[in-house]
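What follows is the residue order along each chain.
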Amino acid sequence: MALPALLKDTLELPVVGSPLFIVSGPELVIAQCKAGVVGSFPALNARPVEKLDEWLSRIEDELGEYKSRNPGRKVAPYAVNQICHASNDRLMKDMETCVKHRAPIIITSLRPPAEIVEAAHSYGGLVFHDVINVKHARKAAEQGVDGLILVCAGAGGHAGTLSPFALVREVKQWFKGTILLSGAISDGFGVASAVTLGADLAYMGTRFIATAEANAADEYKSALVQHAAHDIVYTNLFTGVHGNYLGPSIAAAGLDPDNLPVADKTKMNFGSGGNTKSKAWRDIWGSGQGIGQITDAPPVAELVDRMKREFDQARQDLLIRASA
Ligand SMILES: Cc1cc2nc3c(=O)[nH]c(=O)nc-3n(C[C@H](O)[C@H](O)[C@H](O)COP(=O)(O)O)c2cc1C
């Protein structure tokens, strides 16, 4: 296990609520951190660019106040997600704001993040980078990231195709930093499985969209409750990068989820849409394969309590089976 000191006594569950374009803002992040799981959001969600400073001040103030009123409680640190891609022209400006606030964790996506690692390490911040294969994992490790997020088959949004059984065990042979596992983890049983496989933290996105604090339309939350794994479509049509989306939202946009055209890679666009008139993320809803377990959209605190019970149950089940 390679859990950084920052996360040793601050978590109720070994979980990071992953960054979600449009969906994660201060309300969700604050609720996650108060419940004892890391809350995160993409810096790009704070618009215009000046908003990021405001959001970070609000998150820090509310968590600080909560900690002083509840000294016995575990309150998790927050994380900011930086999309390292040519289309993100505010990357270094956002990073300056993160340095000013000494943001505890930076989550990087897409390009290997050398300049972000340097900036975060200048004040003792941690960098976790998300990857879908070993080649990208090695590149990020060479650049000194503190953790690797292994985005495996079935993850919501941009996702890989490798089984977690393959990727976690292979990366663990040589990477000694923190390992986060992502892809279709929707309950405490999934969290316990990730840890049993050797991950330090489970990285969960879709499950947190169906919560009271998420910035998502009620129709989106209801669709996550209503549908299951077989409704998820893996395509690169909407952003040029392969990802998982809810088939019914694709059909509602007038496309046939079973016969989608192939993406035009010259039109990759991560911030605000895709190659069709319907916008990725706003109209075409990202979702992982773990939605079959989502039956409600409760407040985050209630969801985390429930997952803690499931996590304990899974650990007990394992002990019972191991001793049988
Ligand atoms: C609606 C949606 C938006 C997402 N937006 C981002 C994002 O802005 N940045 C990022 O690094 N990952 C993003 N992701 C990926 C998640 O952070 C994470 O890898 C994924 O949700 C984990 O799989 P799960 O949804 O099956 O739990 C997004 C995923 C979804 C479903």
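Here, the structure is the one placed above.
First things first, this report covers the structure right here in the doc.

About the thresholds
Residues numbered from 1 in each chain as written. Predicted model: local features only at pLDDT ≥ 70, side-chain atom pairs only at ≥ 80, totals over all residues. Heavy atoms only, no water. Pairing = 2+ DSSP bridges. Helix = DSSP H or I, 4+ residues; strand = E, 2+ residues; numbered from the N terminus. Axes fitted to C-alpha atoms, helices over the stretch in contact; angles between N-to-C directions. Contact = heavy atoms within 4.5 Å. Disulfide = S-S within 2.5 Å. Buried < 20%, exposed > 50% of the residue type's maximum accessible area, 1.4 Å probe, protein only. Expected span 1.5 Å × (residues − 1). Parallel < 35°, antiparallel > 145°, perpendicular 65-115°, else oblique. Left-handed = near helix turned anticlockwise from the far one by under 90°. Nonpolar A, V, L, I, M, F, W, Y, C, P; charged D, E, K, R; others polar.

**With respect to the sheet that holds strand 4 (residues 105-110)**
Next up, step 1: Here we have eight strands laid out as an open sheet, ordered 1-9-8-6-5-4-3-2, and parallel in their pairing. The outermost strands of the open sheet, each flanked by one partner alone, are strand 1 (15-17) and strand 2 (39-42). Between one strand axis and the next, the sheet turns by 25° as a mean value, whatever way the strands run.
Next up, step 2: The pairing of strand 8 (residues 178-182) with strand 9 (residues 201-204) spans three bridges and is classified as parallel. Along strand 9, the bridge assignment pairs Ser182 with Tyr203.
Next up, step 3: Taken strand by strand, helix 7 (residues 188-197) contacts strand 1, strand 8 and strand 9, and its axis lies near 135° from that of strand 9.

**A closer look at the state of the cysteines**
Next up, step 1: This structure, assessed with the given rule, holds zero disulfides.
Next up, step 2: There is no disulfide at Cys33, and the cysteine sulfur nearest it, in Cys98, is 14 Å away.
Next up, step 3: Exposure remark for Cys33: the relative accessible area of 0% places this residue in the buried category.

**A closer look at helix 2 (residues 51-69)**
Next up, step 1: Its 19 residues place the ends of helix 2 27 Å apart at the C-alpha level, agreeing with the 27 Å of an ideal helix rising 1.5 Å per residue.
Next up, step 2: On its buried face, helix 2 is in contact with helix 1 (26-35), strand 2, strand 3 (78-84) and helix 3 (91-101).

**So, the sheet that holds strand 10 (residues 232-235)**
Next up, step 1: With antiparallel pairing, the three strands of this open sheet are ordered in space as 7-11-10. Bordering the open sheet on either side are strand 7 (157-158) and strand 10, each of which pairs with just one other strand.

**Overview of the packing of helix 3 against helix 4 (residues 114-121)**
Next up, step 1: At a minimum axis distance of 10 Å, the contact between helix 3 and helix 4 shows a crossing angle of 15°. When the interaxial angle is binned, helix 3 and helix 4 end up roughly parallel. At the point where helix 3 passes helix 4, the crossing takes the right-handed sense. Here helix 3 contributes Leu91, Met92, Met95 and Val99 to the contact with helix 4, which in turn contributes Glu115, Ile116, Ala119 and Ala120.
Next up, step 2: For the contact of helix 3 with helix 4, a count of residues per class yields seven nonpolar, no polar and one charged.

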